[in-house]
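# Understanding the architecture of this molecule
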Amino acid sequence: MMDSRSRAASAPSRSGRARAGVVLLAEAVNPRTFKTYADAVASFKSWIGPELVTTVYSSERAMSTAAEMYVQHLFDNGAPKSQASAMVCGVSYFTPLFSAALKVARKQLVGWSKFEPSKQRPPMPAVLVYIIAYIWAQRGHLDRAVAILLAFDAYLRVSELV
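This structure is a prediction, so every number in the text was calculated from the model and none was measured.

Let us look at the overall build of the chain. When helices and strands are counted, the chain shows 10 helices and zero strands. Across the 162 residues in the chain, those meeting the buried criterion constitute 22%. Expressed as a percentage of contacts within the chain between residues at least 6 apart in sequence, the contacts between residues at least 24 apart total 52%. Approximately 11800 Å² of the chain is accessible, and the part contributed by carbon and sulfur atoms is 60%.

Now the structure itself:
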C-alpha cells in the first residue's frame, strides 16, 4: 500500500514532467549554466588536489584562502575571467554556506574587470543592420529604416527608441 508521500513523489508536476529523479538544485539554473558551474568547481577541486579538498571544504577561512589563490592563479596564467567567475558562482551555488567566504574572491573579480574591461559588442553586425534598413527603405518603411540605424548607432534600447 502506498502512503501519501509515495503518491506525491511519483505524481507528475504541473508541467506534466515526472518528478521522480529530479534534483531541484539542478532545476534552479539553465542546464548549460549548471554544467559550467560543475566544470569550474571540478577544475578548482583538481587544482586544490584530492588530498586538500576535504580540508578546504571544512572551513570558511580555508575556502576563502583557496578561492583567492585560485582566482589569482587563473589571472596569472592568462585564463579567461569567466572561468574564475564560474568557479566563484559554482561554489556559492553548490555549497551556499561558503557564499560569504567568497567575498575576497568576488572583489578580485571586480579588480580583474577593472584591469581588463570587457569589450562591448553590438548586438548584431553592422552589415546586417544596414541590410535590414535597406530592405525596409525599399519597402517604403523609411521610419523603420531610420529607427534601426539610429538605435544601432546610439546603442538604444527599444523602449528608448519608441
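There's more to say after this.
Grouped together as the largest cluster of nonpolar side chains are 24 residues, with contacts concentrated most on F44, M63, V71, M87, V88 and V91. Secondary-structure elements contributing two or more residues to this core are α3 (31–48), α4 (50–56), α5 (60–76), α6 (81–94) and α7 (103–115). Beyond its immediate chain neighbours, meaning those up to four positions away, M63 contacts F44, V56, Y57, V91, F98 and L102.

What follows concerns the confidence of the model for the chain. Residues with a pLDDT of 70 or more make up 90% of the chain, whose mean pLDDT is 88. At the low end of the mean pLDDT range in the chain sits helix α1 (residues 4–10), at 47; at the high end sits α5, at 97.

The full count for this structure, using the stated rule, is nine aromatic pairs. Relative to Y70, the ring of F44 lies with its centre 5.1 Å away and its plane at 55°, an arrangement referred to as tilted. Taken as a pair, F44 in helix α3 and Y70 in helix α5 lie far apart in primary sequence, 26 residues in all. Taking relative accessible area as the criterion, F44 reaches 0% and is therefore assigned buried. A relative accessible area of 3% means that Y70 is categorised as buried. When the ring of W47 is compared with that of Y70, the centres are 5.2 Å apart and the planes differ by 55°; the resulting orientation is tilted. One end of the pair, W47, is in helix α3; the other, Y70, is in helix α5, with 23 residues separating them in the sequence.

An α-helical turn contains 3.6 residues, so any two residues separated by three or four positions project in the same direction. Relative to the 18 Å expected for 13 residues at 1.5 Å per residue, helix α9 (residues 142–154) spans 18 Å between its end C-alpha atoms, a close match to the ideal helical length. Taken residue by residue, α9 has A145, I148, A151 and F152 as its buried positions. Projected down its long axis, α9 shows its buried positions confined to an angular sector of 140°, all on one face. More than 90 degrees from the buried face of α9, the exposed residues found are L142, D143, V146 and D153. Y155 sits one or two residues past α9 and shows a positive phi near 55°.

Turning our eyes to something else, we now look at the packing of helix α8 (residues 126–138) against α9. Two numbers describe how α8 lies on α9: the axes approach to 7 Å, and their chain directions differ by 165°. Considered as vectors, α8 and α9 are oriented roughly antiparallel to each other. Between α8 and α9 the crossing geometry is left-handed. The residues of α9 that touch α8, namely those facing A126, V129, Y130, I132, A133, W136 and A137, are L142, R144, A145, I148, L149 and F152. The residue inventory of the contact of α8 with α9, partitioned by class, reads 12 nonpolar, no polar and one charged.

Here is what the cut-offs are and how they apply
- Residues numbered from 1 in each chain as written.
- Predicted model: local features only at pLDDT ≥ 70, side-chain atom pairs only at ≥ 80, totals over all residues.
- Heavy atoms only, no water.
- Helix = DSSP H or I, 4+ residues; strand = E, 2+ residues; numbered from the N terminus.
- Buried < 20%, exposed > 50% of the residue type's maximum accessible area, 1.4 Å probe, protein only.
- Contact = heavy atoms within 4.5 Å.
- Areas by Shrake-Rupley, 256 points an atom, 1.4 Å probe, with all protein chains shown as cover.
- Core = buried A, V, L, I, M, F, W, Y, C linked by side-chain atoms within 4.5 Å.
- pLDDT = per-residue confidence, 0-100.
- Phe/Tyr/Trp six-rings, centres within 6.5 Å; stacked < 30°, edge-to-face > 60°.
- Expected span 1.5 Å × (residues − 1).
- Arc of directions from axis to C-beta.
- Axes fitted to C-alpha atoms, helices over the stretch in contact; angles between N-to-C directions.
- Parallel < 35°, antiparallel > 145°, perpendicular 65-115°, else oblique.
- Left-handed = near helix turned anticlockwise from the far one by under 90°.
- Nonpolar A, V, L, I, M, F, W, Y, C, P; charged D, E, K, R; others polar.

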